[in-house]
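Chains, contacts and geometry: an overview
What follows is each chain in one-letter form.
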Amino acid sequence: MNRTTLSLIACTVALAAVTGFAAFDPPAASGTSAAGSATERPVERTGLLCPAPSFSDIADTAYTSFTPVTQGAGSGGKAALEAAAEQSADGKGGKGAGKKDKAVLTPKPPGTPALGDTSGSDTPALIGTADGKYAPGWTVQETTRIAAGTGRGLQGVTCTPADTDFWFPGASTAKGRTDYVHLTNPDDGAAVVDIKLYGKGGAVKSTVADGITVPPHSSEPVLLSTLTDDPQTDLTVHVGVRSGRVGATVQAQDDAGGGDWLPAAADPAGSLVLPGIPKDATDVRLVAFTPGDDDADLKVRLASPDGSITPAGNETVHVKAGMTSAVDLGPVTRGEPGSLILTPTDKAVPVVAALRVVRGKGSSQETAYIPATAPVGRRATAADNSAKGTTLSLTAPTADATVKVTASAGSDGGTPATKTYTIKSGTSQDISAPTGGKGTYALTVEPVSGGPVYAARTLTGSSDGVPGFTIQTLPSDRGLVAVPHAEQDLSVLQR
């Protein structure tokens, strides 16, 4: 008889560090771990997916890669972004298929941004992988400038990991809108995806949105208006993956109002935070959807620099089960930056939500989107910042919070710089981020004490009088993972 000792906890620790997931409770919000329960380690492998940036021949796209310096990370490793094959309407490989394109950038070691750029309509989606010291918190930003035509202005998106379930409130198939959902499959096997559409009357009938196959290592843009003959001004899109996994992001473009990327909203929840509404927003539209069987009644509050207020005439919003609801809040911020906070008036019912935000008027207007987001958690990271074109918004919806913000060294040199801020309960603050570097830099946001913090970053860049802007929310950068303490050896006896 041979006795073999297998430490199950040790196996779980190794798996968690590689995948970034563990079936254990995360550390407490205070930053401490429950005694004997779990600790944190840097992840050892990260994957990111960047959608194809534009169908416009006059689009210019910049990519920025950044890995924060993370205590405990290894000394080796590598990171790379490779072109995905994009599928044509007949399912055959299109641009990027069957070839190795030159990488748009080569990621640099932790603490230093790396830059790359492309132009034109033939830039493919990108599949990124990072391991070792490059993995913890690896962040890639895709920012596109389009001088004219549908979607003109500034479009930005933070590249995301693959998943199996996505909600996009705020899409549209109305006249003048050209909305695509981009599906990217990073794996060796095909993914099978269902797309469900929900309008103001409930589920929108479609005969072609189920069982969409995305081949391995490829990307497929799906034009939402081709999925239904029933145009909808306000639409919620649900992307569910039957097999495999994908990255999914909606590109929402308007003939008259520019456009931007609409990232997936946070998972359905009873209370939601939508941070980072610009102070000069000329129109804000809330789109909400509840996927369950119960209606939701939500209290609407605007967290401003001086505290929370209730928008006049929009104190509450009623969201019918299975139906998309939209509320026009107008210029709700009225010259001060703000964040929208949604809480249940009575019973908590899970809801997803997003904001359509407009700056400017008439032919000089531009549009961006703010989905409900998760809190910063242990740390959040935003790449592609500049001294004049970046605004960082921080919101503390329930309690005072102290937050440390660090600006990295720049792409052209310099040193990191750090400042600490206190955000009062119920307020939203646009802060003047520290700068210590030259050129493009990254920001990391780390809560120090107090309640949960929500964050968003706005990039601006006007062109020909059009106030181009794009907003990215900042949930956790997934740099750390909670793993169990190996305090007990669980053994099995092998005969």
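Note that the structure is a prediction, hence the values are computed from the model and not measured.

A separate point is the overall build of the protein chain. From N to C terminus, the protein chain includes one helix and 36 strands. Buried residues in the protein chain amount to 52% of all 495 residues. In the protein chain, the share of contacts with a sequence separation of at least 24, taken over all contacts with a separation of at least 6, comes to 81%. Accessible surface, the protein chain as shown: approximately 20700 Å² in total, 50% of it carbon and sulfur.

Turning next to the nonpolar core. Core analysis: the largest hydrophobic core is formed by 29 residues, its most contacted members being L274, I277, L286, L340, L342 and L355. Apart from residues lying up to four places away in sequence, L342 is in contact with G270, S271, L272, L274, L286, L298, K299, V300 and A353. L183, V204, L227 and A354 belong to the second-largest nonpolar core, a separate cluster that totals 27 residues.

Let us now look at the pattern of salt bridges. Taken as a whole and judged by the stated rule, the model has 12 salt bridges. Across the pair R245 and D187 runs a salt bridge, and its minimum N-O distance is 2.8 Å. Here the residue R245 occupies a position in the loop between β16 (235–243) and β17 (247–254), and D187 occupies one in the loop between β11 (177–185) and β12 (191–199), the gap between them amounting to 58 residues. Salt-bridge contacts for D294 lead to K347; the nearest nitrogen and oxygen are separated by 3.6 Å. Pair noted here: D294 is in the loop between β20 (281–289) and β21 (296–304) and K347 is in the loop between β25 (338–344) and β26 (352–359), with a separation of 53 residues, a long-range link. Residue D294 is classed as partly exposed on the basis of its relative accessible area, which comes to 39%.

Across a sheet, strands are paired by hydrogen bonds formed along the backbone, either parallel or antiparallel in direction. With antiparallel pairing, four strands are arranged side by side in an open sheet as β24-β20-β26-β27. The open sheet has two edge strands with one neighbour each: β24 (324–330) and β27 (366–371). Taking the axes of each pair of neighbouring strands and ignoring which way they run, one obtains an average angle of 20° across the sheet. Judged from the six bridges that link them, β26 and β27 form a sheet pairing that is antiparallel. Looking at the pairing, R359 lines up with E366 of β27.

Within the structure shown, the criterion is met by one disulfide. With its sulfur 2.0 Å from that of its partner, C50 forms a disulfide with C159. When the S-S torsion is 110°, as for the bridge of C50 with C159, the disulfide is right-handed. Highlighted residues: C50 in strand β2 (residues 45–50) and C159 in the loop between β9 (153–158) and β10 (165–171), separated in sequence by 109 residues. Exposure class is identical for C50 and C159. Each is buried.

What the rule picks out here adds up to five aromatic pairs. Centroid distance F55 to Y180: 4.8 Å. Interplanar angle 40°. Geometry classified as tilted. Separated by 125 residues along the polypeptide, F55 in the loop between β2 and β3 (59–66) and Y180 in strand β11 bring together distant segments of the chain. Given the relative accessible area of 38%, F55 is considered partly exposed. For Y180, a relative accessible area of 17% translates into the label buried. Taking the centre distance of 4.7 Å and the plane angle of 35° together, the rings of Y198 and F289 count as tilted. Taken as a pair, Y198 in strand β12 and F289 in strand β20 lie far apart in primary sequence, 91 residues in all. Exposure class is identical for Y198 and F289. Each is buried.

The four strands lie next to each other as β28-β33-β30-β31, forming an open sheet whose pairing is antiparallel. Looking along the sheet, the strands with just one partner apiece sit at the ends: β28 (380–385) and β31 (417–423). Between one strand and the next, the sheet's axes are offset by a mean angle of 25°, whatever the strand orientation. Note that strand β30 (residues 401–407) and strand β33 (residues 441–450) share seven bridges and pair antiparallel. Bridge pairing links A401 to G450 in β33.

Structurally, A456 is set in strand β34 (residues 454–460). On the basis of relative accessibility, which here comes to 1%, the residue A456 falls in the buried class. The spacing of A456 and L474 is 18 residues in sequence and 5.3 Å in space, taken between C-alpha atoms. If we skip the residues at most four places from it in the chain, A456 touches P275, G276, T391, L392, S393, I471, Q472, T473 and L474.

Another aspect to go through is the confidence of the model for the protein chain. Here the protein chain averages 87 in pLDDT, and 86% of its residues register 70 or above. Of the regions scoring below 50 in pLDDT, residues 1–36 engages in 59 contacts with residues more than four places distant in sequence or in other chains.

A few words now on the side chain of Q251. Along the chain, Q251 falls in strand β17. Reaching out from Q251, the side chain makes a polar contact with the backbone oxygen of P53 at a distance of 2.9 Å. Among all residues touching Q251, those that are not within four sequence positions of it are P53, S54, F55, Q155, T178, D179, Y180, H182, D260 and W261.

As a further point, take the environment of P110. Here P110 shows up in the loop between β5 (85–86) and β6 (114–119). Look at P110 and you get partly exposed, because its relative accessible area is 23%. Sequence separation of P110 and F66 is 44 residues, and the distance between their C-alpha atoms is 6.9 Å. Once residues within four sequence positions are removed from consideration, P110 is found in contact with T67, P68, V69 and K133.

Basis of the calculations
Residues numbered from 1 in each chain as written. Predicted model: local features only at pLDDT ≥ 70, side-chain atom pairs only at ≥ 80, totals over all residues. Heavy atoms only, no water. Helix = DSSP H or I, 4+ residues; strand = E, 2+ residues; numbered from the N terminus. Buried < 20%, exposed > 50% of the residue type's maximum accessible area, 1.4 Å probe, protein only. Contact = heavy atoms within 4.5 Å. Areas by Shrake-Rupley, 256 points an atom, 1.4 Å probe, with all protein chains shown as cover. Core = buried A, V, L, I, M, F, W, Y, C linked by side-chain atoms within 4.5 Å. Salt bridge = Lys/Arg side-chain N within 4 Å of Asp/Glu carboxyl O. Pairing = 2+ DSSP bridges. Axes fitted to C-alpha atoms, helices over the stretch in contact; angles between N-to-C directions. Disulfide = S-S within 2.5 Å. Phe/Tyr/Trp six-rings, centres within 6.5 Å; stacked < 30°, edge-to-face > 60°. pLDDT = per-residue confidence, 0-100. Polar contact = N/O pair within 3.5 Å; in protein donor to acceptor, adjacent residues only side chain to side chain.

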